[in-house]
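Examination of the molecular architecture
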Amino acid sequence: MADAVFDIVAMGDAIVDVIATCDEQFLIDHDLPKGSMQLLTPDHAERLYAAMGGARETSGGSAANSMAGVAAMGGRSAFIGQVADDQLGAIFTHDMRALGVHFDTAPLADGLPTGRCLILVTPDAQRTMNTSPGASHELSEQRIDEELIAASSILYLEGYLFGPAKPRAAMMRAIEIAHRSGRKVAFTLSESVCIAERREGFGKMVDAGGVDLLFANEDEALQLTGRGDLDAALAELSAKVPTLVITRGPAGALAVQGGETVRIPAMPVPRVVDTTGAGDLFAAGYLVAHCKGAPIAKCLSTGAIAAAEVISHFGARPEADLKEWIDL
C-alpha cells in the first residue's frame, strides 16, 4: 500500500540458529527423530549443544528468516520478537539490523535466556531441528509496537509462536491492530509438529476471519483439516481464507484465490545441501512479489526462486544477491 512505511512486519520466535552436520548414528544416539522438530528445555539444549560438532551461529526463527529474505530482495521488512539481554540476544539483534531488517524490541533484562535452535544436517540434506524457545515465548502484548504494525502493508505471523498463551495473546492483539488499520494478515503454519495441540486455536482464528493469506505445506494442510487427500484439504481451507498457498517440495507449489488454482513446478537445484529455511524463503519471495502487485503465478515463482537459493547451501538465510535472481 502506498501509505505504508514497511511492506511486511513479522512476529515470531527470536532465536539463534546453531547449525552443524552429523551422521545418522548421532541422531540415533541422542534419540532425535530424523527430519523432525522438537522442543527442548534449556538444560537439554545445553547437553545437546555440548555434544554437537563445530557449528555456525546466526540469527534465526521462521518469520525472522522470512524478513531477512524480504530485505535481501529489496523489500522493506520489520520484525517483532523477544530476546534476552545476553550474548545470543546481541547476536540476533546485530544480525537482523545488519541485514536491513528493522528490529527494536527491547531485550528482557532477566529471566529466560535468548532462544536457540540446534539444527543437525545429515548427508542427505535433511535437517533435524531442536528448539529451546527461551525468552522468545515471553513476548507479551505490552511489548508489541502498535504503530509499526499499523504502518506495514502486511502483518506476517508464524505458527511456532502461536502455542504459548502470552505470545498468542500478543498475536491476536496484533491481528486486531492490522485489520483496524486496513492491513492484511498472513500466517504460516510453520511445522506440522505444532498443529496437533494447536488445531483448535488455529481453527478459531481462521474461522473468525483473522487470516487473509495462509501459508502451509501439504502435510500441514492435511493435519490441520484432518482430511485424507490434498484436494479435500484445499477445498476446506480455501473456503475460509481469501488466499491459500501450499508448498509441495519437489512437486512445486500452488495457490488458491477466488476459486482459481494456480500451480507451478519446483525450481531445479543442482544439489540440495540443506533444506533449512526453504519454506521461510518461499514465503518471503511470495510476499515481496505480492507487495509489488505481481500476479499469483509470479508470486509463486518468486517464492520458488528464493527457496531454491537457500537450499543450495547451509543455513536459513540467503547468501546470493536475490535481487539479481528475481525479476520484479
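This structure is a prediction, so every number in the text was calculated from the model and none was measured.

Listed as buried for helix H8 (residues 218-225) are Glu220, Ala221, Leu224 and Thr225. One side of H8 carries all its buried residues, which in axial view fall inside an arc of 120°. Turning to H8, the residues buried within the fold contact helix H7 (199-207), strand S11 (213-217), helix H9 (230-238) and strand S12 (243-247). Downstream of H8 by a residue or two, Gly226 has a phi angle that is positive, lying close to 75°.

A few words now on unusual backbone geometry. Phi angles above zero are rare outside glycine, and Asp31 is one such case at about 55°. When you line up the elements, Asp31 lands in the loop between helix H1 (24-29) and strand S3 (37-39). In this structure, Ala125 is a non-glycine residue whose phi angle is positive, near 75°. Tracing the chain through its elements places Ala125 in the loop between strand S7 (114-121) and strand S8 (127-134). When its relative accessible area of 1% is taken as the criterion, Ala125 is described as buried.

Attention shifts here to the sheet that holds S7. Spatial ordering of the open sheet is given by S3-S8-S7-S2-S4, a layout of five strands whose pairing is mixed. Of all strands in the sheet, those bounded by a partner on one side alone are S3 and strand S4 (56-60). Adjacent strand axes in the sheet meet at a mean angle of 25°, parallel and antiparallel pairs treated alike. Where strand S2 (residues 15-21) and S4 come together, five bridges link them in antiparallel fashion. Residue Ile15 lies in a different strand from S4, and its bridge partner there is Gly60. Here helix H2 (residues 42-51) sits on the sheet in contact with S2, S4, S7 and S8, set at roughly 40° to S7.

Running from N to C, H8 and H9 cross one another at 70°; their axes reach a closest spacing of 9 Å. With respect to H9, the element H8 is oriented roughly perpendicular. Regarding H8 and H9, the two cross each other, and that crossing is left-handed. Within the contact between the two elements, H8 uses Glu218, Ala221, Leu222, Leu224 and Thr225 and H9 uses Leu230, Ala233, Glu236 and Leu237. For the contact of H8 with H9, a count of residues per class yields six nonpolar, one polar and two charged.

Bringing the pattern of salt bridges into the picture now. Taken as a whole and assessed by the stated rule, the structure comprises 15 salt bridges. A salt bridge links Glu24 to Lys34, with the shortest nitrogen-to-oxygen separation between them at 2.9 Å. In this pair, Glu24 sits in helix H1 while Lys34 sits in the loop between H1 and S3, placing the two residues 10 residues apart along the sequence. The partner of Arg173 in a salt bridge is Glu176, and the shortest N-O contact between them spans 3.3 Å. One end of the pair is Arg173 and the other is Glu176, both in helix H6 (residues 165-180) and three residues apart, which spans about a single turn.

Right, let's talk about the nonpolar core for a bit. In terms of nonpolar packing, the biggest core is built from 48 residues, with Phe79, Phe92, Tyr156, Phe215, Tyr286 and Leu300 touching the most fellow members. Setting aside residues up to four positions removed in sequence, Tyr156 forms contacts with Ile8, Val9, Ala10, Met11, Ala63, Ser66, Met67, Ala186, Thr188, Phe215, Ala283 and Leu287. The next biggest cluster of nonpolar side chains, apart from the first, holds 40 residues, and it includes Ala78, Ala221, Leu230 and Ala233.

The rules behind the values
- Residues numbered from 1 in each chain as written.
- Predicted model: local features only at pLDDT ≥ 70, side-chain atom pairs only at ≥ 80, totals over all residues.
- Heavy atoms only, no water.
- Buried < 20%, exposed > 50% of the residue type's maximum accessible area, 1.4 Å probe, protein only.
- Helix = DSSP H or I, 4+ residues; strand = E, 2+ residues; numbered from the N terminus.
- Arc of directions from axis to C-beta.
- Contact = heavy atoms within 4.5 Å.
- Pairing = 2+ DSSP bridges.
- Axes fitted to C-alpha atoms, helices over the stretch in contact; angles between N-to-C directions.
- Parallel < 35°, antiparallel > 145°, perpendicular 65-115°, else oblique.
- Left-handed = near helix turned anticlockwise from the far one by under 90°.
- Nonpolar A, V, L, I, M, F, W, Y, C, P; charged D, E, K, R; others polar.
- Salt bridge = Lys/Arg side-chain N within 4 Å of Asp/Glu carboxyl O.
- Core = buried A, V, L, I, M, F, W, Y, C linked by side-chain atoms within 4.5 Å.

So far we have only geometry, and geometry alone does not tell us how the molecule works.
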